[in-house]
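A closer look at the structure
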Amino acid sequence: MIVYHGTSTKFLKQIRAKGLKNPYVTKILKDAADYAYAAVDKDLSGKPIVLMIELTKFGNLRYDGPAMNEPLSSAYDRKRNLWWNKAAREHPEWVNKKHGTVSIPAREWKYSWGGVGSAIYEGILGADAIRMILPAGEIKKHFAYE
Ligand SMILES: NC(=O)c1ccc[n+]([C@@H]2O[C@H](COP(=O)([O-])OP(=O)(O)OC[C@H]3O[C@@H](n4cnc5c(N)ncnc54)[C@H](O)[C@@H]3O)[C@@H](O)[C@H]2O)c1
(Lines give C-alpha, C1' and ligand atoms only; values in the text may rest on other atoms or scores of the structure.)
Protein backbone atom coordinates (compact mmCIF):
# COMPACT_ATOMS: atom_id res chain seq x y z
CA MET A 1 0.00 0.00 0.00
CA ILE A 2 1.29 3.46 -0.90
CA VAL A 3 1.14 6.07 1.89
CA TYR A 4 2.47 9.63 2.12
CA HIS A 5 4.29 11.60 4.79
CA GLY A 6 4.76 15.36 4.59
CA THR A 7 7.93 16.74 6.15
CA SER A 8 10.78 19.21 5.69
CA THR A 9 14.10 18.78 3.90
CA LYS A 10 15.75 19.78 7.16
CA PHE A 11 14.89 16.30 8.56
CA LEU A 12 15.81 14.36 5.44
CA LYS A 13 19.42 13.52 6.34
CA GLN A 14 18.39 12.10 9.69
CA ILE A 15 15.37 10.30 8.23
CA ARG A 16 17.61 8.66 5.63
CA ALA A 17 20.07 7.58 8.33
CA LYS A 18 17.65 6.49 11.07
CA GLY A 19 14.29 6.03 9.38
CA LEU A 20 11.06 7.81 10.31
CA LYS A 21 10.29 7.79 14.02
CA ASN A 22 6.59 7.15 14.79
CA PRO A 23 5.47 8.99 11.63
CA TYR A 24 1.93 10.01 10.78
CA VAL A 25 1.01 8.74 7.34
CA THR A 26 -1.87 9.58 5.04
CA LYS A 27 -3.37 8.07 1.90
CA ILE A 28 -4.23 11.57 0.63
CA LEU A 29 -1.38 13.15 -1.32
CA LYS A 30 -2.69 16.70 -1.02
CA ASP A 31 -2.98 16.40 2.77
CA ALA A 32 0.63 15.22 2.98
CA ALA A 33 1.62 18.35 1.01
CA ASP A 34 -0.27 20.53 3.51
CA TYR A 35 1.44 18.75 6.42
CA ALA A 36 4.79 19.32 4.72
CA TYR A 37 4.11 23.07 4.66
CA ALA A 38 3.15 22.90 8.34
CA ALA A 39 6.48 21.17 9.12
CA VAL A 40 8.37 23.98 7.37
CA ASP A 41 6.24 26.74 8.91
CA LYS A 42 7.27 25.70 12.42
CA ASP A 43 10.66 27.44 12.08
CA LEU A 44 10.73 28.51 8.42
CA SER A 45 13.78 26.45 7.57
CA GLY A 46 13.97 23.71 4.94
CA LYS A 47 11.65 23.02 2.03
CA PRO A 48 8.34 21.15 2.15
CA ILE A 49 8.55 17.62 0.72
CA VAL A 50 6.32 14.58 0.56
CA LEU A 51 7.75 11.11 1.00
CA MET A 52 5.96 8.42 -0.96
CA ILE A 53 6.28 5.25 1.08
CA GLU A 54 5.50 1.66 0.28
CA LEU A 55 4.06 -0.14 3.31
CA THR A 56 4.03 -3.91 3.13
CA LYS A 57 3.15 -4.66 6.77
CA PHE A 58 0.26 -3.05 8.56
CA GLY A 59 0.72 -4.38 12.10
CA ASN A 60 2.36 -1.14 13.29
CA LEU A 61 -0.45 1.15 12.17
CA ARG A 62 -2.43 2.93 14.88
CA TYR A 63 -5.54 5.10 15.11
CA ASP A 64 -4.73 8.79 14.48
CA GLY A 65 -6.78 10.50 17.19
CA PRO A 66 -5.36 14.02 16.62
CA ALA A 67 -6.34 14.00 12.94
CA MET A 68 -9.82 12.60 13.70
CA ASN A 69 -10.39 15.24 16.39
CA GLU A 70 -8.91 18.10 14.38
CA PRO A 71 -9.04 17.36 10.66
CA LEU A 72 -7.29 19.55 8.10
CA SER A 73 -10.59 20.92 6.85
CA SER A 74 -14.33 20.80 7.47
CA ALA A 75 -14.61 18.88 4.19
CA TYR A 76 -13.96 15.81 6.34
CA ASP A 77 -16.90 16.41 8.70
CA ARG A 78 -19.34 14.09 6.98
CA LYS A 79 -16.88 11.23 6.49
CA ARG A 80 -15.57 11.53 10.02
CA ASN A 81 -19.07 11.29 11.47
CA LEU A 82 -19.80 8.34 9.25
CA TRP A 83 -16.77 6.48 10.61
CA TRP A 84 -17.49 7.44 14.21
CA ASN A 85 -21.02 6.13 13.81
CA LYS A 86 -19.67 2.99 12.19
CA ALA A 87 -17.30 2.46 15.14
CA ALA A 88 -20.15 2.96 17.62
CA ARG A 89 -22.36 0.54 15.72
CA GLU A 90 -19.67 -2.12 15.37
CA HIS A 91 -18.33 -1.69 18.92
CA PRO A 92 -20.99 -0.50 21.35
CA GLU A 93 -18.49 -1.20 24.16
CA TRP A 94 -16.46 1.84 22.98
CA VAL A 95 -19.37 4.22 23.46
CA ASN A 96 -19.63 6.45 26.51
CA LYS A 97 -23.38 7.01 26.60
CA LYS A 98 -23.21 9.66 29.30
CA HIS A 99 -20.86 11.90 27.33
CA GLY A 100 -21.91 10.81 23.85
CA THR A 101 -18.32 9.98 22.89
CA VAL A 102 -16.61 7.02 21.22
CA SER A 103 -13.14 5.92 22.41
CA ILE A 104 -11.40 4.13 19.56
CA PRO A 105 -8.50 1.88 20.64
CA ALA A 106 -5.04 2.55 19.17
CA ARG A 107 -4.88 -0.67 17.14
CA GLU A 108 -8.09 0.21 15.26
CA TRP A 109 -6.39 2.36 12.62
CA LYS A 110 -8.98 1.59 9.97
CA TYR A 111 -11.36 4.14 11.54
CA SER A 112 -9.03 7.15 11.15
CA TRP A 113 -7.93 5.74 7.78
CA GLY A 114 -11.56 5.78 6.69
CA GLY A 115 -12.54 9.01 8.41
CA VAL A 116 -9.66 11.31 7.51
CA GLY A 117 -7.27 9.06 5.56
CA SER A 118 -4.64 9.10 8.28
CA ALA A 119 -2.85 6.73 10.69
CA ILE A 120 0.22 6.58 12.91
CA TYR A 121 3.02 4.14 12.20
CA GLU A 122 4.29 3.05 15.59
CA GLY A 123 8.06 2.55 15.74
CA ILE A 124 10.74 3.05 13.13
CA LEU A 125 9.68 3.05 9.50
CA GLY A 126 12.92 2.28 7.66
CA ALA A 127 14.11 4.67 4.95
CA ASP A 128 14.30 1.73 2.53
CA ALA A 129 10.48 1.96 2.25
CA ILE A 130 10.71 5.47 0.73
CA ARG A 131 9.99 5.15 -2.99
CA MET A 132 9.96 8.82 -4.03
CA ILE A 133 10.57 12.29 -2.65
CA LEU A 134 8.19 14.86 -4.11
CA PRO A 135 8.26 18.67 -3.81
CA ALA A 136 5.09 19.66 -1.91
CA GLY A 137 4.76 22.90 -3.92
CA GLU A 138 4.35 20.93 -7.15
CA ILE A 139 1.63 18.79 -5.58
CA LYS A 140 -0.25 21.82 -4.29
CA LYS A 141 -0.18 23.45 -7.73
CA HIS A 142 -2.26 20.59 -9.05
CA PHE A 143 -4.84 21.12 -6.33
CA ALA A 144 -4.90 24.91 -6.75
CA TYR A 145 -8.60 24.87 -7.63
CA GLU A 146 -9.57 23.71 -4.13
N1 LIG B 1 3.11 14.54 8.25
C2 LIG B 1 2.08 13.94 7.65
O3 LIG B 1 2.13 13.59 6.47
C4 LIG B 1 0.82 13.68 8.41
C5 LIG B 1 -0.03 12.65 7.97
C6 LIG B 1 -1.21 12.43 8.65
C7 LIG B 1 -1.55 13.23 9.74
N8 LIG B 1 -0.71 14.22 10.16
C9 LIG B 1 -1.13 15.07 11.31
O10 LIG B 1 -0.27 16.18 11.50
C11 LIG B 1 0.08 16.36 12.86
C12 LIG B 1 1.57 16.62 12.95
O13 LIG B 1 2.25 15.60 12.26
P14 LIG B 1 3.80 15.63 11.91
O15 LIG B 1 4.04 14.59 10.89
O16 LIG B 1 4.26 17.03 11.62
O17 LIG B 1 4.48 15.10 13.25
P18 LIG B 1 5.22 15.86 14.45
O19 LIG B 1 4.56 17.17 14.74
O20 LIG B 1 5.30 14.86 15.54
O21 LIG B 1 6.66 16.20 13.88
C22 LIG B 1 7.67 15.25 13.78
C23 LIG B 1 8.62 15.66 12.64
O24 LIG B 1 9.81 14.88 12.75
C25 LIG B 1 10.12 14.31 11.50
N26 LIG B 1 10.88 13.06 11.72
C27 LIG B 1 10.43 11.79 11.71
N28 LIG B 1 11.44 10.94 11.91
C29 LIG B 1 12.56 11.68 12.03
C30 LIG B 1 13.93 11.38 12.24
N31 LIG B 1 14.38 10.13 12.37
N32 LIG B 1 14.79 12.43 12.34
C33 LIG B 1 14.36 13.71 12.23
N34 LIG B 1 13.07 14.05 12.02
C35 LIG B 1 12.17 13.04 11.92
C36 LIG B 1 8.81 14.10 10.82
O37 LIG B 1 8.96 14.03 9.41
C38 LIG B 1 8.03 15.34 11.27
O39 LIG B 1 8.26 16.42 10.39
C40 LIG B 1 -0.37 15.10 13.59
O41 LIG B 1 -1.17 15.47 14.67
C42 LIG B 1 -1.16 14.27 12.59
O43 LIG B 1 -2.51 14.06 12.95
C44 LIG B 1 0.46 14.45 9.50
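Examining the overall build of the protein chain
- Helix and strand counts for the protein chain come out as six helices and 10 strands.
- For the protein chain, whose C-alpha radius of gyration is 16 Å, the value lies close to the compact-globule estimate of 15 Å for 146 residues.
- The dimensions of the protein chain, computed from C-alpha atoms along their principal axes, are 45 × 35 × 25 Å.
- By the burial criterion, 34% of the 146 residues in the protein chain qualify as buried.
- Within the protein chain, contacts between residues at least 6 apart in sequence are counted, and of these 78% link residues at least 24 apart.

Looking at the pairing of strand 4 (residues 48–54)
- Counting buried positions along strand 4 gives five out of seven residues, so the element sits mostly inside the fold.
- With seven bridges connecting them, strand 1 (residues 2–8) and strand 4 associate as antiparallel partners. Its bridge partner being in strand 4, T7 is matched across the sheet by I49.
- Pairing geometry for strand 4 and strand 10 (residues 130–135), over five bridges, is antiparallel.

Some details on the domain arrangement of the protein chain
- According to the domain assignment, the protein chain contains domain 1 (1–60 + 123–146) and domain 2 (63–115).
- Each of domain 1 and domain 2 has a C-alpha centre, and these two points are 24 Å apart.

Examining helix 4 (residues 77–90)
- Spanning 14 residues, helix 4 covers 20 Å between terminal C-alpha atoms, matching the ideal 20 Å at 1.5 Å per step.
- Where helix 4 is buried, its residues meet helix 3 (65–69), strand 7 (101–102) and helix 5 (110–115).

Quick word on the site of the ligand
- Neighbouring residues of the ligand: 21 residues in total, closest T7, Q14, Y35, P66 and A67.
- Taken together, the elements giving at least two residues each to the shell around the ligand come down to strand 1, helix 1 (12–18), strand 2 (20–21), strand 3 (24–26), helix 2 (29–41) and helix 3.
- Element by element, the count of residues in the shell around the ligand is highest for strand 1, at four residues.
- Among the residues forming the shell around the ligand, the class breakdown is 11 nonpolar, seven polar and three charged.

The rules behind each value
- Residues numbered from 1 in each chain as written.
- Predicted model: local features only at pLDDT ≥ 70, side-chain atom pairs only at ≥ 80, totals over all residues.
- Helix = DSSP H or I, 4+ residues; strand = E, 2+ residues; numbered from the N terminus.
- Rg over C-alpha atoms; globule rule 2.2 N^0.38 Å.
- Buried ≥ 20, exposed ≤ 12 C-beta atoms within 10 Å, placed from the backbone.
- Contact = placed C-beta atoms within 7 Å.
- Pairing = 2+ DSSP bridges.
- Domains from an automatic or database assignment.
- Expected span 1.5 Å × (residues − 1).
- Near = placed C-beta within 6 Å.
- Nonpolar A, V, L, I, M, F, W, Y, C, P; charged D, E, K, R; others polar.

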